[in-house]
Amino acid sequence: VIIENYTMYTLDEKMVLLEDFDIRLTKGERYGFVGMNGSGKTTLLRRMSRYDIPKFPAHLKILHVEQEILGDETTVLEYVLSCDVVRVELLNREKKLNEESEELEKLMEKLEKEEAENKDKDKEEEPKKEKKKKAKDDVFVDSDEEEEELTMKQITKRMTQIQR
């Protein structure tokens, strides 16, 4: 990894910590940062582990574990894993996607239930529709099929018979 002329400021960007600094890292080597307090060692490590340095290769795995930790119920393994910002981000994305997937599944179930209910209603209404169609066919005679003309009295009589 070679990053030339890198300038790094404090997190509040009020002061320059490193100016026109070259970062050169070789595969398989181990590095340690030595310097006075406030010189930017931790800031540089944080920026590298969070991939906040332009042109810093995203395929490199950098894990920065803070020196100061709270004395709580967190295990060492949990703490170290929580420092992997890429892993944490991916886990958060996974959680969000799983929640969205659950919501979509619930919506699909609801839609399928509604669709089934609609099919049942259609099946219930189908005989009624057929009965209405038959009644209509019985009342109105196609002139090509039958030459007789129906009087209003005959139509009323047929409709009364159908309704019974």
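Values in this document were obtained by computation on a predicted structure and should not be read as measured data.

What counts and what doesn't
- Residues numbered from 1 in each chain as written.
- Predicted model: local features only at pLDDT ≥ 70, side-chain atom pairs only at ≥ 80, totals over all residues.
- Heavy atoms only, no water.
- Helix = DSSP H or I, 4+ residues; strand = E, 2+ residues; numbered from the N terminus.
- Buried < 20%, exposed > 50% of the residue type's maximum accessible area, 1.4 Å probe, protein only.
- Contact = heavy atoms within 4.5 Å.
- Areas by Shrake-Rupley, 256 points an atom, 1.4 Å probe, with all protein chains shown as cover.
- Polar contact = N/O pair within 3.5 Å; in protein donor to acceptor, adjacent residues only side chain to side chain.
- Salt bridge = Lys/Arg side-chain N within 4 Å of Asp/Glu carboxyl O.
- Patch = residues over 30% accessible without salt bridge, like charges linked within 9 Å, V, L, I, M, F, W, Y side chains within 5 Å.
- Pairing = 2+ DSSP bridges.
- 1 Å grid on protein atoms, 1.4 Å probe; cavity = no way out; pocket = protein on both sides within 12 Å on 5 of 7 lines; lining within 4 Å.
- Points joined across faces, edges and corners; volume = space filled by probe spheres on them.
- Nonpolar A, V, L, I, M, F, W, Y, C, P; charged D, E, K, R; others polar.

## Quick look at the overall build of the chain
Now for step 1: On a plain count of helices and strands, the chain comes out with 4 helices and 2 strands.
Now for step 2: In the chain, the order of α-helices and β-strands from amino to carboxyl end is β-β-α-α-α-α.
Now for step 3: Across the 164 residues of the chain, 15% fall into the buried class.
Now for step 4: Taking all contacts inside the chain whose residues are at least 6 apart in sequence as the whole, residues at least 24 apart take part in 28%.
Now for step 5: Summed over its atoms, the accessible surface of the chain is roughly 14,700 Å², and 52% of this surface lies on carbon and sulfur atoms.

## Observations concerning the side chain of S49
Now for step 1: Position of S49 relative to the elements: it lies in helix 1 (residues 41-49).
Now for step 2: When its relative accessible area of 4% is taken as the criterion, S49 is described as buried.
Now for step 3: Among the polar contacts listed, one links the side chain of S49 to the backbone oxygen of R46, at a separation of 3.0 Å.
Now for step 4: Contacts of S49, omitting those with residues within four sequence positions, involve I62, H64 and V85.

## Let's talk about the pattern of salt bridges
Now for step 1: All told, the structure shown has 3 salt bridges when counted by the stated rule.
Now for step 2: For E4, the salt bridge goes to R24, with nearest N and O atoms at 3.5 Å. Residue E4 is found in strand 1 (residues 2-9), and its partner R24 is found in strand 2 (residues 16-24); the two are separated by 20 residues along the sequence.
Now for step 3: Residue class for R24 comes out partly exposed when judged on its relative accessible area of 46%.
Now for step 4: In this structure, the salt-bridge partner of E89 is R93, at a minimum N-O distance of 3.3 Å. You can see E89 and its partner R93 sitting in helix 3 (residues 85-139), 4 residues apart, about one turn around the helix.
Now for step 5: Counted as one network, the salt bridges with shared partners bring together E4, D22 and R24.

## Structural notes on a nonpolar patch on the surface
Now for step 1: On the surface, a cluster of nonpolar side chains totalling about 210 Å² of accessible area is made up of V85, V86 and L90.
Now for step 2: Within the fold, V86 resides in helix 3.

## Topic: the pairing of strand 2
Now for step 1: The pairing of strand 1 with strand 2 spans 5 bridges and is antiparallel. Looking across to strand 2, one finds that I2 is bridged to R24.
Now for step 2: Hairpin connection from strand 1 to strand 2: 6 residues lie between these consecutive antiparallel strands, with E13 at a positive phi of about 60°.

## Some thoughts on the layout of surface pockets
Rolled over the atoms, a probe with the dimensions of a water molecule shows which regions are left empty.
Now for step 1: Of the voids in this model, the largest pocket is the one considered here, and its volume is about 340 Å³.
Now for step 2: The residue inventory of the lining of the largest pocket, partitioned by class, reads 9 nonpolar, 3 polar and 2 charged.

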